[in-house]
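Working through the structure, step by step
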Amino acid sequence: MMIEKIVIIGGGQASISCASQLRSLSFNGEICMVCEENYYPYQRPPLSKKFLTGHFHEERLLLKKIDYYKTNNIQVLLSKKATKIDRDNKKVHLQSGEKIDYTKLVIAIGSKAKKAPLSDSDNYSNAFYLRNLHDARILKNQLHTGKKILIIGGGYLGLEVASICSSFGMHTTVVEGAERILKRVAGEPTAAYFREIFSIRGVKIIENDFVKKINNIESEVTNVELASGRLIDVDALLVATGGYPEVDLAKDAQLQIENGIKVNERLETSDPSIYAAGDCASFNHKGRCLRLESVGNAIDQGQTVALNIAGNRTNFNAKPWFWTEQFDQKLQIAGICDGFTDIIERKVKDKVSFWYYKEEILLAVDSFNDPYSYMIGKRLIEEKKSPKKEILRDINFDIKDALSLK
Ligand SMILES: Cc1cc2nc3c(=O)[nH]c(=O)nc-3n(C[C@H](O)[C@H](O)[C@H](O)COP(=O)(O)OP(=O)(O)OC[C@H]3O[C@@H](n4cnc5c(N)ncnc54)[C@H](O)[C@@H]3O)c2cc1C
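These numbers come from a predicted model, not from an experiment.

Quick word on the site of the ligand
Around the ligand sit 32 residues, and of these Ala14, Glu37, Lys49, Asp279 and Ser294 come closest. Of all the secondary structure elements, the ones that give two or more residues to the shell around the ligand are α1 (13–24), α9 (295–309) and β22 (321–326). Partitioned by chemical class, the residues of the shell around the ligand number 15 nonpolar, eight polar and nine charged. Looking at which domains feed residues into the shell around the ligand, each of domain 1 (5–112 + 244–309) and domain 2 (115–241) supplies at least three.

Let's talk about the pattern of salt bridges
On inspection of all chains with the given rule, the structure shows 28 salt bridges. The salt bridge partner of Lys112 is Glu246, with a shortest N-O separation of 3.9 Å. Of this pair, Lys112 sits in strand β8 (residues 111–113) while Glu246 sits in the loop between β17 (243–245) and α8 (248–252), placing them 134 residues apart in sequence. Residue Lys112 is classed as partly exposed on the basis of its relative accessible area of 30%. For Glu246, a relative accessible area of 22% puts it in the partly exposed group. Residue Glu265 pairs with Arg266 through a salt bridge whose shortest N-O separation is 3.7 Å. Residue classification places Glu265 among the partly exposed positions, given a relative accessible area of 42%. Overlapping salt bridges, with partners in common, bring together Arg180, Glu188, Arg195 and Glu207 in one network.

A closer look at the environment of Ser96
Among the structural elements, Ser96 can be located in the loop between β5 (91–94) and β6 (99–101). You can call Ser96 partly exposed: its relative accessible area is 45%. Residues Ser96 and Thr83, 13 residues apart in the sequence, show an inter-C-alpha distance of 9.3 Å.

Re the domain arrangement of the chain
Assigned domains of the chain: these are domain 1 (5–112 + 244–309), domain 2 (115–241) and domain 3 (328–404). For domain 1 and domain 2, the distance between their C-alpha centres works out to 30 Å. Each partner contributes residues to the interface: domain 1 has 16 residues there, and domain 2 has 15 residues. Buried area between domain 1 and domain 2, summed over both chains or domains, comes out near 1,400 Å², and the portion from carbon and sulfur atoms is 62%. Ranking the residues of domain 1 by area buried against domain 2 places Tyr39, Ser48 and Leu52 at the top, with a combined share of 41%. Taken together, domain 1 and domain 2 are joined by three salt bridges. Taking the shortest distance from any N to any O, the salt bridge between Glu58 and Arg137 comes out at 2.5 Å. Across the contact surface, domain 1 and domain 2 share seven residue pairs in polar contact (both at pLDDT 80 or more). Element by element, the count of residues in the side of domain 1 that touches domain 2 is highest for helix α2 (residues 50–53), at three residues. Here the residues of the side of domain 1 that touches domain 2 are counted per class, giving six nonpolar, four polar and six charged.

Observations regarding the environment of Leu363
By the element assignment, Leu363 lies in strand β26 (residues 361–368). Expressed as a C-alpha distance, the spacing of Leu363 and Ala240, which sit 123 residues apart in the sequence, is 27 Å. For Leu363, the contacting residues outside a window of four places in its chain are Lys286, Ala334, Gly335, Ile336, Cys337, Asp338, Gly339, Phe340, Tyr356, Tyr357, Lys358 and Ile381.

A closer look at the packing of aromatic side chains
Scanning the entire structure with this criterion turns up 13 aromatic pairs. Geometrically, the ring pair formed by Phe194 and Phe198 is edge-to-face, given 6.4 Å between the ring centres and 75° between the ring planes. Residue Phe194 and its partner Phe198 are located together in helix α7 (residues 188–200), separated by four residues, close to a single helical turn. Phe198 gets classed as buried once you look at its relative accessible area, which sits at 0%. Pairwise contacts between aromatic rings join Tyr193, Phe194, Phe198, Phe327, Phe354 and Phe368 into one cluster. One Lys or Arg, Lys114, reaches over the ring of Tyr244 and ends 5.4 Å from the middle of that ring.

Examining the side chain of Ser15
By the element assignment, Ser15 lies in helix α1. The contacts of Ser15, once residues within four sequence positions are left out, are Ile8, Gly10, Met33 and Ala108.

Overview of the nonpolar core
Ranked by internal contacts, the top residues of the largest apolar core, which has 53 residues, are Ile8, Ile85 and Ile107. Ranked by residue count, the leading element in this core is α1, at five residues. Those residues in contact with Ile107, other than ones at most four positions away along the chain, are Ile9, Ile85, Ala250, Leu255, Ile261, Ile274, Tyr275, Ala276, Ala277 and Cys280. Ile164, Phe194, Ala240 and Ala364 belong to the second-largest nonpolar core, a separate cluster that totals 43 residues.

Details of helix α5 (residues 133–140)
Every buried residue of α5 is accounted for by Leu133, Asp135, Ala136 and Leu139. Down the axis, α5 shows its buried residues gathered within 155° of arc, on one side only. Capping of α5 at its N-terminal end is provided by Asn132; its side-chain oxygen lies 3.3 Å from the backbone amide nitrogen of His134.

Some remarks on unusual backbone geometry
Most of the time, phi is negative for any residue but glycine, and the peptide bond is trans. Positive phi, close to 50°, is recorded for Glu218, a residue that is not glycine. Following the sequence through the fold, Glu218 ends up in the loop between β13 (211–217) and β14 (220–226). Classification of Glu218 by relative accessible area gives exposed; the value is 73%. Notably, Lys349 is not glycine yet its phi reads approximately 50°, a positive angle. Of note, Lys349 is situated in the loop between β24 (342–348) and β25 (351–358).

Conventions we followed
- Residues numbered from 1 in each chain as written.
- Predicted model: local features only at pLDDT ≥ 70, side-chain atom pairs only at ≥ 80, totals over all residues.
- Heavy atoms only, no water.
- Near = heavy atom within 4 Å.
- Helix = DSSP H or I, 4+ residues; strand = E, 2+ residues; numbered from the N terminus.
- Nonpolar A, V, L, I, M, F, W, Y, C, P; charged D, E, K, R; others polar.
- Domains from an automatic or database assignment.
- Salt bridge = Lys/Arg side-chain N within 4 Å of Asp/Glu carboxyl O.
- Buried < 20%, exposed > 50% of the residue type's maximum accessible area, 1.4 Å probe, protein only.
- Contact = heavy atoms within 4.5 Å.
- Buried area = accessible area lost by both parts, 1.4 Å probe.
- Polar contact = N/O pair within 3.5 Å; in protein donor to acceptor, adjacent residues only side chain to side chain.
- Phe/Tyr/Trp six-rings, centres within 6.5 Å; stacked < 30°, edge-to-face > 60°.
- Lys NZ or Arg CZ within 6 Å of the ring centre and 35° of its normal.
- Core = buried A, V, L, I, M, F, W, Y, C linked by side-chain atoms within 4.5 Å.
- Arc of directions from axis to C-beta.

Shown next as structure tokens:
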């Protein structure tokens, strides 16, 4: 009988989730992970949070201890970039010239940073990105009291770094091109809540304005001109304008692409022997091709791919959740608020949550330092239960009881 060989391209969250789930399912074929980076799979979320402040050391970033791979017979090829998928011969080509056979292939190559507006800021010595451990090590060395930093992009990543820079005593400015921060990922009340916190801490947030020109002396950015005419002096610049799915490998292999590598409900690409998972994969969600850049999604998709490879036909069921930490606030989000028509604010003592409805249907909950509301909201959404809005407005009502309502 032919031995199965699963090759997973990428060494991130979705990749390790798939490999470890396969071994938990007693899958006894070969597993090989091809990792472009020179690190065993590690967590990215701390890179924009406690790793930067020095409260989370590098060894804690690892998703599995290094001996796990040997013990579980998972081959890990570090510093190896996949450059081509030869579907006819079922081989992955590496930059090193090696070719690896597969019986099933998993593409879990994540996303890449959008480049700085207007310029190739890669050439500037004081302009930075934050996508991986290498970037985080460099950025960490830039955090010094009194320095001026401009962060381009008011999404979660930009705001997380802004909160850390501010707590280091840096003069911190965030510029956001859309009419408000967090436009793509959260509703206005959540944005307003953060805006207020940042303003109290002295972080300048400029919305509805964008970078027109980056001025430099030799390789160093000195100031940035905005479309409104504002001129911002900088010692450092962070570009945090979001990510693109990594699709080039799949595109070259003529796999279907639509807002990412398109997968069906079992996370198979347009070639049934190739799966995709994590940031790079787009799946059908309520009639549109959705892609989620979150740890929860990468874990769930990696596990679903493993179940399908192991022969347990399983459909992917998206259960979106996310968290972010800014100053002393931990925001937890369940669901997706897209298309909401109403927002209910629930404030119980110092805990605040926003509940997003589309007509009478609960879509999402954003909760600040309130894990209880998050947990109940997540369950309600997953169980497709929508409590009446007036119930949520009543702060004497224990939302747990909404779970048992018909
Ligand atoms: C700084 C930062 C903070 C974040 N914070 C949060 C958070 O608070 N909460 C949350 O839910 N999510 C957060 N995320 C997002 C989360 O980390 C990602 O959604 C998750 O890591 C996606 O997993 P993945 O396996 O799809 O991709 P990744 O974990 O990005 O792994 C992809 C890997 O594939 C490798 N690769 C790419 N191309 C190739 C190739 N051709 N050959 C070989 N290897 C290749 C890459 O180098 C990378 O190591 C954050 C991300 C970043 C960057």
